[in-house]
Structures are given as C-alpha cells and as structure tokens.
Amino acid sequence: MKKILCITFLLLSILVHAQNEQLANNYFDRGEFEKALISYQDLLKTQMGNFNYFQRVVECYQQLQQYDKAQKAIEEQLERFKQNQVLVELGYNYQLQKNQEKATKYYDQAISKIKKNAVEVYGIAYTFEKKALYDYALLAYKTALETDPKLSFNFQMAMLFGQQGNTDLMIETYLLESFQNPQNLPVIQNQLALFMIDNGDVSFNDTLKKALLLRTQKTQDIFWNDFLSWYFVQLKEYGKAFIQQKAIYKRKPDSFGNIINLAQMAINDNDQESAKEILTFVLDNTKDLDVLIQSHTYLIEMEIDHALEKDYSAITAELDALIKEFGVSPYTLSLLKLQANFTAFHLKDSEKAKAILKNAMEIPINRNQLAEVKMELADILLYEEKFNQALIYYSQIDEEMGGDVIGQEASLKTAKTSYFKTDFDWASHQLKVLKSVSSQLIANDALDLFLLISDNTVEDSTQVALKKFARADFLLFQNKKQESLAQFQLILKEHKGEDIEPVTLLRIGKIYEKMGDFNNALENYNEIITKHKDCIYIDEALYFSAEIYNSQLNAIEKAKPLYEEMIFKHEDSIYFVDSRNKYRKLRGDTNL
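As the structure is a computational prediction, the values presented were derived from the model and not from experiment.

(A) Spatial organisation of the overall build of the protein. Tallying secondary structure elements over the protein gives 32 helices and zero strands in all. On the principal axes, the C-alpha backbone points of the protein span a range of 85 × 65 × 60 Å. Contacts in the protein between residues at least 24 apart in sequence constitute 51% of all its contacts with a sequence separation of at least 6. With the model as given, the accessible surface of the protein reaches about 30300 Å², and the carbon-plus-sulfur share is 51%.

(B) Helix α3 (residues 51–63), seen in detail. With 13 residues, α3 should reach 18 Å at 1.5 Å per residue; the first-to-last C-alpha distance of 18 Å fits that figure. The buried fraction of α3 amounts to 10 of the 13 residues, a majority that puts the element mostly inside the structure. Turning to α3, its buried residues number three or more, namely Phe51, Tyr53, Phe54, Gln55, Val57, Val58, Glu59, Cys60, Tyr61 and Gln62.

(C) Broad picture of the packing of aromatic side chains. On inspection of all chains with the given rule, the structure shows 36 aromatic pairs. Joined through ring pairs, the aromatic side chains of Phe345, Tyr383, Phe387, Tyr419, Phe420, Phe424, Phe474 and Phe477 make up one cluster. Note that arginine 215 overlies the ring of tryptophan 224, its terminal NZ or CZ placed 5.4 Å from the centroid. Over the ring of phenylalanine 544 we find lysine 510; its NZ or CZ atom is 4.0 Å from the centre of that ring.

(D) Broad picture of the packing of helix α9 (residues 154–164) against helix α10 (residues 167–180). Interaxial distance between α9 and α10 falls to 8 Å at its minimum, and their mutual angle equals 160 degrees. The angle between α9 and α10 places the two elements in the roughly antiparallel class. Our pair here, α9 against α10, has a crossing hand that is left-handed. Here α9 contributes Asn154, Phe155, Ala158, Met159, Phe161 and Gly162 to the contact with α10, which in turn contributes Leu169, Met170, Thr173, Tyr174, Leu176, Glu177 and Gln180. For the contact of α9 with α10, the residue count by class is eight nonpolar, four polar and one charged.

(E) Structural detail: the packing of helix α23 (residues 405–420) against helix α25 (residues 440–458). Between α23 and α25, whose axes approach to 10 Å, the crossing angle comes to 15 degrees. Taken together, α23 and α25 sit at an angle that is classed as roughly parallel. Both α23 and α25 take part in a crossing whose hand is left-handed. On α25, the residues touching Val405, Gln408, Glu409, Leu412, Lys416 and Tyr419 of α23 are Ile442, Asp445, Ala446, Leu449, Leu452 and Ile453. Here the residues of the contact of α23 with α25 are counted per class, giving eight nonpolar, one polar and three charged.

(F) The pattern of salt bridges, seen in detail. In this structure the tally under the stated criterion is 27 salt bridges. With a shortest N-O distance of 3.3 Å, lysine 35 and glutamate 32 are connected by a salt bridge. Relative accessible area serves as the criterion here: at 45%, lysine 35 is assigned to the partly exposed category. Members of the salt-bridge network, linked through shared partners, are Glu351, Lys354, Glu384 and Lys386.

(G) Summary view of the nonpolar core. Counting 99 residues, the largest nonpolar core has Tyr419 and Leu431 as the members making the most contacts within it. Examining the composition of this core, we find that nine residues originate from one element, helix α21 (residues 367–383), more than from any other. If you look at the next biggest cluster of nonpolar residues, it comprises 92 residues, including Ile111, Ile124, Met170 and Phe204.

(H) Summary view of the confidence of the model for the protein. Mean pLDDT for the protein: 92, with 96% of residues reaching 70 or above. This stretch, residues 8–13, has a pLDDT under 50; its non-local contacts, to residues over four places away or in other chains, come to zero contacts.

(I) Representation of the side chain of histidine 346 within the structure. Tracing the backbone shows histidine 346 in the loop between α19 (333–345) and α20 (350–362). For histidine 346, a relative accessible area of 15% corresponds to the buried category.

(J) View of the environment of tyrosine 107. With respect to the element layout, tyrosine 107 can be found in helix α6 (residues 100–116). Expressed as a C-alpha distance, the spacing of tyrosine 107 and glutamine 85, which sit 22 residues apart in the sequence, is 9.3 Å. Discounting residues that sit within four places of it in the chain, tyrosine 107 has contacts with Val88, Gly91, Tyr92, Gln95, Gln100, Phe128, Leu133 and Tyr136. Within the structure, the side chain of tyrosine 107 is placed 2.8 Å from the side chain of glutamine 95, a separation counted as a polar contact.

(K) Representation of unusual backbone geometry. A positive phi is found at glutamine 463, a non-glycine position, where the angle reads about 60 degrees. Its place among the elements puts glutamine 463 in the loop between α25 and α26 (464–477). Positioned with a positive phi, asparagine 554 is a non-glycine residue whose angle comes to about 55 degrees. Among the secondary structure elements, asparagine 554 is positioned in the loop between α30 (538–552) and α31 (556–569).

(L) Spatial organisation of α30. A rise of 1.5 Å per residue sets the reference length of α30, with its 15 residues, at 21 Å; its end C-alpha atoms lie 21 Å apart and thus fit the reference within 8%. Here α30 lies mainly inside the structure; 12 of its 15 residues are buried. Buried residues of α30: Ile538, Asp539, Ala541, Leu542, Tyr543, Phe544, Ser545, Ala546, Glu547, Ile548, Tyr549 and Asn550, and no others. Tucked inside the fold, the buried residues of α30 contact α28 (501–514), α29 (518–531), α31 and α32 (576–587). Looking one or two residues past α30, asparagine 554 carries a phi angle of roughly 55 degrees, positive in sign.

(M) Region of the structure containing the side chain of glutamine 430. Among the structural elements, glutamine 430 can be located in helix α24 (residues 424–434). You can call glutamine 430 buried: its relative accessible area is 12%. Ignoring any residue separated from it by four or fewer positions in sequence, one finds glutamine 430 in contact with Thr414, Ala415 and Ser418.

(N) Representation of the environment of methionine 375 in the model. Relative to the helices and strands, methionine 375 is located in helix α21. Between the alpha carbons of methionine 375 and lysine 337 there is a distance of 9.8 Å; along the sequence they are 38 residues apart.

(O) The environment of glutamate 459, seen in detail. Along the chain, the position of glutamate 459 falls in the loop between α25 and α26. Taking the C-alpha atoms as reference, glutamate 459 lies 7.5 Å from aspartate 499; in sequence the two are 40 residues apart. For glutamate 459, the residues in contact, after removing those within four places along its chain, are Glu498 and Asp499.

What counts, and where the lines are drawn
- Residues numbered from 1 in each chain as written.
- Predicted model: local features only at pLDDT ≥ 70, side-chain atom pairs only at ≥ 80, totals over all residues.
- Heavy atoms only, no water.
- Helix = DSSP H or I, 4+ residues; strand = E, 2+ residues; numbered from the N terminus.
- Contact = heavy atoms within 4.5 Å.
- Areas by Shrake-Rupley, 256 points an atom, 1.4 Å probe, with all protein chains shown as cover.
- Expected span 1.5 Å × (residues − 1).
- Buried < 20%, exposed > 50% of the residue type's maximum accessible area, 1.4 Å probe, protein only.
- Phe/Tyr/Trp six-rings, centres within 6.5 Å; stacked < 30°, edge-to-face > 60°.
- Lys NZ or Arg CZ within 6 Å of the ring centre and 35° of its normal.
- Axes fitted to C-alpha atoms, helices over the stretch in contact; angles between N-to-C directions.
- Parallel < 35°, antiparallel > 145°, perpendicular 65-115°, else oblique.
- Left-handed = near helix turned anticlockwise from the far one by under 90°.
- Nonpolar A, V, L, I, M, F, W, Y, C, P; charged D, E, K, R; others polar.
- Salt bridge = Lys/Arg side-chain N within 4 Å of Asp/Glu carboxyl O.
- Core = buried A, V, L, I, M, F, W, Y, C linked by side-chain atoms within 4.5 Å.
- pLDDT = per-residue confidence, 0-100.
- Polar contact = N/O pair within 3.5 Å; in protein donor to acceptor, adjacent residues only side chain to side chain.

Right, dumping it as structure tokens:
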C-alpha cells in the first residue's frame, strides 16, 4: 500500500510540474513576461540544473529590460555550474544594452574555451545560433575543427550558411556532407527542397543544378546521378530525371526499382510522354517477369485512361495477348485486375469481370493480393448497384487490413458507398475518422467528400440537391459519362444559385475534359472563376483551365495569367507548387 501511495504521489508531482511548465510557456508566448518570470523562477527552484528554465528566466528579465537582474542571474549560473555557453548569454545581455565592446569580450572568451576543448562547441555554437549570432556560431565550429580536425560539422554549418543567405556555400557544404555521410542524405534533401520549392528561389535551383552537374561530370560517381535525378523530380522534370537514371542503369544494371518508381511518379503527375518513354526502356531492357508485367500494366492503364470507345477492341486484344503470354498466376494479378476492371467499367460486362476475379482468388495469392482482388470485386458489385454485397467485401478488407493503406482505402470506399446510397449522416461519421489517417491521399479525399456533404446540408437540410448530386457522382463512378453529365446539368438548372452550383460546374468541367471536349470544360471552369471567386473550388478551376491551355490547346498566353493567379492568390492549394514551376517555364526562366 505504501508503495502504491509513493507511485501515486510521484505521478501527481510529474503532472503538476508539467502543468506549471505549460502555464509558464503560455504566459511567455502571450508576452506576459512578469507572470512568466515568476513561473519559471518557481520551476528553476525545483530543477536548479535545468538550462532551459534558466534561459527563460534571463529572457524574461531582458524582455522587461531588467538587464542588471539578468546579468546577476547569468553570473550566478556561471559561478554555480561553470557552463561556458553562459559566456554567450552574458555577452548577449550587454549587446541588448548596445555595449558591443563588452559583448564581443565575452563572445571571444567563449570561442577561446573551444580552443582548449573542442567539445565545448556544441553548447556554445548552439547558444550563438539561438541568439541569431550566425557569424559567431560559424566561428565556433571552425575553431573546433582547427582544434580537432577529426570532428565534422558540415550539416550544422550548412544550415548557418543558409540562415546568412549564403546559399552557394550552403549547397557546397550540404553536398560535401551528403557524399561523406550518405545516411544523412534524406535530411539534407529535405532541407534543399525547402529552398527549391517552398522558398521558390529560382537562382538557388540553378546553382544547385550546376553544382550537381559539375560533380556528375568530374567524378563519374553514380551517387551524383541519383542526386541529380532527385533534383529533377522535385521540379517534376521526369524526362530529365530519367536521363540520370538511365546513366545509372548503364553502369549498374542490377535493378529497375528506381526507374519503375520514376515512371509511377510521372503517371501520377500526368506526364504521359515521360512515363511511356521510361516504361518502353524497361520493356526493352529486362527479362524479369515481375518488372515486365508491372510495366505492361502501367502502359495499358494509361491507354485506358485516354481511350475512346473505338479503342476498346484493341485494348481487349492487348490484355488477352499479355495474359496468354504470361499465364494466370500471382505474377499476372495486376493484369487480371486491370482486365476485370476494363471489362466491367468500359465493356459493361460485369458478369465476365466477376468471373475473372473469382478465378484469380483460386490461385495461390498472399493476404495483400487477396485484399486487392476483393477490393476490385467490391467495386464491380458497387457498379452493379449491389450496395450491401459491396459493403460486405469493403468491411472484410477494412477489418483484415485495417493498419495498412489498403484497409484505409476500403474504409473510404465504405463511406463513399454510404454517400452513393444518400446515407449522408453515416458517410459523414465515417469520413470524420478518415480525415486524420496516415495516407495523405485518402485523408484529402475524405476531407473533400466530408466538406461536400456538410457544405450542402447547411442551406438545404432536406439535402434535395445533394441527393441528386450523389446520384450523378455514382453514374460517374459507373463510367456512364453522358448520363452523369445530363444529371449534373439538370442540377445546375434546378438549383441555380445554391451552394451546390460551383462543385457541379467543376464536375461537368472534368467530364468534358475526359471526353476531350476542352472548350466546354473551359466554359464551366470559367463560370466558377468569374461567378464563384470565394468558393473552395476556385483554385481547381484556375489550375485545370491553365492545364488545358498549356497542355492541350497550346495557348500559352492564356495559361500564364491563370498560373500567375494561382501563385499570388492560392498559396495553400495543392496545385500551388506545380503552378509556380509551370508558370516559370512559360515565362522563359531557363535556369529551372
């Protein structure tokens, strides 16, 4: 019993301490420095050696311009703990009082401590950096290297060069570190991507590209080809990235993994030309059965995405020939699923499609593969409007594969099925959970559908328009484009001026795009742009219009202002980065 009481008391003490720290932080963040000071002083009494609490006490004094009290606290800390980074605190306290001479004196003292013991650099350089004293932080690292050349601070120094705006040195130092310590490459590439994409620095992109090109030419090390390929992928230049991957393959022809991944990225970003070039290269250079089938599957999927009815017989023959060539086995499962999907959703023969999948279930496939087949079968049952049977399969997958992405996808399809059935309350309940799943793509889709339901329930509690919209969406799911289009157009006519109008225009625009009728697509997107400027679909209307002018109609001068509006007015859009890159190309920035 005594032991239980001790543990309970300990847990309560920890909880109270955490609450007190949170309270102190809240005061500090709100600028209530007098209250924060009292709280941090109380915390420091319980943990005298806590350097963070000490720093916050000093910062509170400085914010209150009580520099003498700050100095006293710093000197007491230095006397008590002999921490040399406290010299920086003392110097900075003088700097705040515009006494640069004394500030420099203590900064130099801190640097001199590193000359005697190089490991002092960690605390001293960090304190300099926290005070935005980047020159001194760099000097600290350089001094440590002079004292002990075996140490390495490339990563820290590169970040400081970036803070100073010296991007040339930052690039050189990051590249040196990445080559010397490849395990740090992902972190370094994340840092570089911030400057490439988030900061939108064109000159930085050019400098980085030149530095990488120089290394590929000088060293012939495939490390730099791979790095350069990564660079082009960030800018969605998949054709240029492929040139680097091809160079790697010629010197090290042991795997197509990176090349296949590159093709998949190109497909996802709708760069069909690059994807076809990459996959054709793969087919010409491998005999690996798995890679061959995967490449064929991707190529036929692209054909189907852009196929007209007149192309169906050729695609059917191509699928039949490939399955005959490679046989029915776990290896050809992707082709069998594709054949079933095409047979149901394009050839409108759902019975034959189900037979293909049921036969696939009889071959020795693993747990994940079985879930994939069940998902395809559920989709076809949904296509047949057998909602309850479809839900059984989706629920099975969700239950069996709940921790995996395919389980989350099944959960999303369960919610969509409820939506198609116009059971909006239950769909919303499921979508609320899915908004926070690990897969960003699924989370985004869940959020979009959740907003569609909620936004069109506020104004119309009976959900009349939403029910019609869900039916039109279901027809679109069934690949019945003409019927879906007619239903969406009827919604526009019967519910003009209601909240449902902009999203209906967006759906109609996408259908026309899929049908290759770009002028009608543009007309509907323009309705959103001109009449619904404040709606949540405006960024999509702008981006899709720009893409049509740029990629389909070759009307560059019409695309540019649309991309430009995306850049300046819709920075939070998922299409922002792509819009910026394409705008620069159209504008003639050659250093991308």
